[in-house]
Amino acid sequence: MCKMRPTLLLALASAALLLPAKQGIAGEGLSRCTEINLNAEPERAIVICSDVILQERLTREELSDAYRVRANAHMRTGRFGVAVRDFSTAVELDPGNPRNYWERGNAYIWARNPELAFVDFNMCMEIDPHYFGGHAGIAFLQNNAGYRSDAAAGLRKALALKPDEHWTRRIRAEILYKLERYDEAAAEYQIIVDAGSQAVDKLLDRRGQIQKVDIYTDALVGLARSFIQLRQFETVPDLLEQALSRDPSLESAWLALAQYWSAQNDGQKALDAAEKMLALDPHSLNAFSLKAQSLNELGRNKEALLAIDDGLRIDKSWGYSFQIRGVILRELGRYIEAAADFEQASLLSNGIRDALQQRAKVAGYYDQPVGTPFDDRLRNAIMACVQDRSC
């Protein structure tokens, strides 16, 4: 329901920035370059790294380190193509170092070249099968390509190597949640919560800037959402109260709270939470959807229809909004319009379409004469389930 798209790439890039350079002849200069880069002065860091590169008597490994650290500074400026070139030089100078392939793979992803990133992550694991970055990088690519089960398995291997990588664990939890493996997702979120409020990571955003993300608070919400799906409600209010005390404007927490009250059949409190979300973000599709659902549950169908129409005016590409409007129209007895909305939802969302296809099978429309177009069978199934309220 929540229109979010998590990414592991932020964690990979930030981890690369935070790793210290090796010590040696160039070690002091590289450490200074890294420190300045992390203090949001990447241009100065590039100058210092360039000075190190020009030094004489550097070993190939030290020179490789210098190019790699300078590449990370270029990442901070958003010059990802330039960063790829420096990482490539680092690879040429020290081809046996898995870290060089890992970090170049990250840069390839930022430069929108996932194919070469995949090659680098595989090379990283070929050199060192136990290298965290190789497993995590391939898992990111698998998740981005829609292979969530494979991504979850890959991240399990990565976390076995680095159990304290909270951001990576949080990404695995989100993948498991999307796979509807809620008990496993809850277990991952619980590990982060048990680690305490120090679970705050620095991440690299698309503009190359460092941002802080409070993973502990995020995990509190994730754990609550998982428990709601598992219908284990006892600790949900406390988890969300903690999250909102840390960040009163956290939309995901208000979303989870609205879902909790809806599951408790308290439409008014769910509506209050949705209204709070809209006050924080007047363009929140989640908020309009929850407001419409809550009003519909309260029997205020016409107001619910107005609310979901407000959301659709903002974005008509989200299948879930059409599904909600289909439910409301059905309640109003407008079956033909409801069926049209369910069909539109099925066109926009594979998940909704799969559910409706399954409804078509159950309804026996697959038993129609050979040659009957599937779309006709699906359309008939939609009309049937609208009328008998099974969709």
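What comes next concerns the included structure. Not measured: the values here are computed from a predicted model.

What follows is about the packing of aromatic side chains. Applying the stated rule across the entire model yields 6 aromatic pairs. Between the aromatic rings of tryptophan 318 and tyrosine 320, the centroid separation amounts to 5.8 Å while the plane-to-plane angle is 40 degrees, which identifies the pairing as tilted. A relative accessible area of 18% places tyrosine 320 in the buried class. These aromatic residues form a ring-pair network of at least three members: Phe233, Tyr260 and Trp261. In this structure, arginine 225 packs its charged tip against the face of tyrosine 177, placed 4.1 Å from the ring centre.

Here the focus is unusual backbone geometry. One non-glycine residue, arginine 112, adopts positive backbone phi at about 65 degrees. Tracing the sequence through the fold places arginine 112 in the loop between helix H6 (98-110) and helix H7 (114-127). Arginine 112 sits in the exposed class, given a relative accessible area of 65%.

Of note, leucine 295 is situated in helix H16 (residues 285-297). By relative accessible area, which is 3% here, leucine 295 ends up buried. C-alpha of leucine 295 to C-alpha of alanine 307: the two residues are 12 residues apart in sequence and 8.6 Å apart in space. Setting aside residues up to four positions removed in sequence, leucine 295 forms contacts with Leu271, Arg300, Asn301, Glu303, Ala304 and Ala307.

Time to look at the side chain of serine 294. Relative to the helices and strands, serine 294 is located in helix H16. Within the structure, serine 294 has its side chain in polar contact with the backbone oxygen of leucine 290 (distance 2.8 Å). Dropping the residues within four chain positions of it, serine 294 is found in contact with Gly267, Ala270 and Leu271.

In the structure shown here, the tally under the stated rule is 19 salt bridges. Residue arginine 325 is joined to aspartate 309 by a salt bridge in which the shortest nitrogen-to-oxygen separation is 3.0 Å. On the criterion of sequence distance, the pair formed by arginine 325 in helix H18 (residues 319-331) and aspartate 309 in helix H17 (residues 301-314) is long-range, its members being 16 residues apart. We note a salt bridge from arginine 334 to glutamate 337, for which the minimum N-O separation is 2.8 Å. Assessed through its relative accessible area of 33%, arginine 334 is described here as partly exposed. Among the charged side chains, a salt-bridge network with shared partners connects Asp65, Arg68, Arg99 and Glu103.

This next bit is on the nonpolar core. Counting 47 residues, the largest nonpolar core has Leu223 and Val236 as its most contacted members. Residue assignment for this core shows that the elements contributing at least two residues are helix H9 (148-161), helix H10 (166-178), helix H11 (182-195), helix H12 (215-230), helix H13 (236-246), helix H14 (251-263), helix H15 (267-280) and H16. Counting residues per element, this core draws most heavily on H12, at 9 residues. Aside from chain neighbours lying at most four places away, what touches valine 236 is Ala224, Phe227, Ile228 and Tyr260. In this structure, Ala107, Trp110, Ala117 and Phe140 belong to the second largest nonpolar core, which totals 20 residues.

Each value, and the rule that gives it
Residues numbered from 1 in each chain as written. Predicted model: local features only at pLDDT ≥ 70, side-chain atom pairs only at ≥ 80, totals over all residues. Heavy atoms only, no water. Phe/Tyr/Trp six-rings, centres within 6.5 Å; stacked < 30°, edge-to-face > 60°. Buried < 20%, exposed > 50% of the residue type's maximum accessible area, 1.4 Å probe, protein only. Lys NZ or Arg CZ within 6 Å of the ring centre and 35° of its normal. Helix = DSSP H or I, 4+ residues; strand = E, 2+ residues; numbered from the N terminus. Contact = heavy atoms within 4.5 Å. Polar contact = N/O pair within 3.5 Å; in protein donor to acceptor, adjacent residues only side chain to side chain. Salt bridge = Lys/Arg side-chain N within 4 Å of Asp/Glu carboxyl O. Core = buried A, V, L, I, M, F, W, Y, C linked by side-chain atoms within 4.5 Å.

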